[in-house]
Amino acid sequence: MITIFHNPACGTSRNTLALIRNSGEEPQVIEYLKTPPSRETLQRLVADMNGSVRDILREKGTPYAELGLGEVHWTDDQLLDFIVQHPILMNRPIVVTPLGTRLCRPSERVLDILEHPQQGAFSKEDGERVVDEKGARVREQR
């Protein structure tokens, strides 16, 4: 079972969902702005990612600055309370699979936690190739 905490207005989230589907899986899609996760769910996601609440805080397009969330005095518990009050503060997409839980920014990070390989070529909405015709990840040339 794969779960994606998804915002359909976000290109990264749409690309991540498409990559999951390109592996032949149909995930449980939770539009977290319509169905916000509970505080307990948020705590579990952060713990499963071995991170901190700050790792899932989104600044852009949110009340992050107005609430002063960049200040170091906020505890993880307080930050969780803010996310529960303002779900838009949760960065996305967060994907949960049997192989792990990740904030998938960039979207191709989801490839590391999918059990099944990609079934064909995939390009992001902006045209960037991520997976070739054989289902292999395309590495950026430097």
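About the thresholds
Residues numbered from 1 in each chain as written. Predicted model: local features only at pLDDT ≥ 70, side-chain atom pairs only at ≥ 80, totals over all residues. Heavy atoms only, no water. Helix = DSSP H or I, 4+ residues; strand = E, 2+ residues; numbered from the N terminus. Rg over C-alpha atoms; globule rule 2.2 N^0.38 Å. Buried < 20%, exposed > 50% of the residue type's maximum accessible area, 1.4 Å probe, protein only. Pairing = 2+ DSSP bridges. Axes fitted to C-alpha atoms, helices over the stretch in contact; angles between N-to-C directions. Parallel < 35°, antiparallel > 145°, perpendicular 65-115°, else oblique. Left-handed = near helix turned anticlockwise from the far one by under 90°. Contact = heavy atoms within 4.5 Å. Nonpolar A, V, L, I, M, F, W, Y, C, P; charged D, E, K, R; others polar. Salt bridge = Lys/Arg side-chain N within 4 Å of Asp/Glu carboxyl O. Arc of directions from axis to C-beta.

Peer 1: Honestly, the overall build of the protein in this entry has me stumped. Any pointers?
Peer 2: The helix and strand inventory of the protein stands at three helices and six strands. In the protein, the succession of helices and strands from N to C terminus is β-α-β-α-α-β-β-β-β. For the protein, whose C-alpha radius of gyration is 16 Å, the value lies close to the compact-globule estimate of 14 Å for 142 residues. With the C-alpha coordinates of the protein rotated into their principal frame, the extents come out at 50 × 30 × 25 Å. Burial statistics for the protein: of 142 residues in total, 44% are counted as buried.

Peer 1: Mind showing me how you'd approach the sheet that holds strand S2 (residues 28–31) here?
Peer 2: In sheet architecture, strand pairing relies on hydrogen bonds along the backbone and comes in two forms, parallel and antiparallel. In spatial order, the strands read S2-S1-S3-S4; together these four strands make up an open sheet with mixed pairing. At either end of the open sheet lies a strand with only one pairing partner, and these are S2 and strand S4 (100–103). Neighbour-to-neighbour, the strand axes of this sheet turn through a mean angle of 15°, independent of strand direction. Here strand S3 (residues 94–97) pairs with S4 via four bridges, running antiparallel. Bridge pairing in S4 links Thr97 to Gly100.

Peer 1: What am I meant to see in the packing of helix H2 (residues 39–48) against helix H3 (residues 76–85) here?
Peer 2: Pairs of packed helices are described in terms of their axes, by the angle between the two and the distance that separates them. Direction vectors running N to C along H2 and H3 enclose 125°, while the axes themselves pass 10 Å from each other. Compared by their axis directions, H2 and H3 come out oblique. At the point where H2 passes H3, the crossing takes the right-handed sense. The segment H2 lies against H3, with Arg39, Leu42 and Gln43 engaging Asp77, Leu80, Asp81, Ile83 and Val84. Of the residues that constitute the contact of H2 with H3, the class distribution is four nonpolar, one polar and three charged.

Peer 1: How do you make sense of the pattern of salt bridges when you look at a structure like this?
Peer 2: Under the criterion given, the structure shown has nine salt bridges. Between Asp77 and Arg39 there is a salt bridge whose closest N-O contact spans 3.5 Å. Taken together, the residues span a long stretch of sequence, with Asp77 in helix H3 and Arg39 in helix H2 at a distance of 38 residues. Arg39 sits in the partly exposed class, given a relative accessible area of 22%.

Peer 1: Explanation requested: H2 in the structure shown.
Peer 2: Turning to H2, its buried residues are Thr41, Leu42, Leu45 and Val46. Here the buried residues of H2 occupy an arc of 135° about the axis, which is enough to place them on one side. Buried residues along H2 sit against strand S1 (3–6), H3, S3 and S4. At the C-terminal side of H2, Asn50 shows a positive phi close to 55°.

Peer 1: Even after reading the chapter, I still don't get the side chain of Asn15, so can you show me in this structure?
Peer 2: Looking at where Asn15 falls in the secondary structure, it is placed in helix H1 (residues 11–22). Setting aside residues no more than four positions away along its own chain, Asn15 makes contact with Ser107, Phe122, Lys124 and Glu125.

Peer 1: What is the right way to look at the environment of Val84 in this model?
Peer 2: Counting through the fold element by element, Val84 comes out in helix H3. Residue Val84 is classed as partly exposed on the basis of its relative accessible area of 38%. Sequence separation of Val84 and Ser123 is 39 residues, and the distance between their C-alpha atoms is 34 Å. The residues contacting Val84, other than those within four sequence positions of it, are Arg39 and Leu42.

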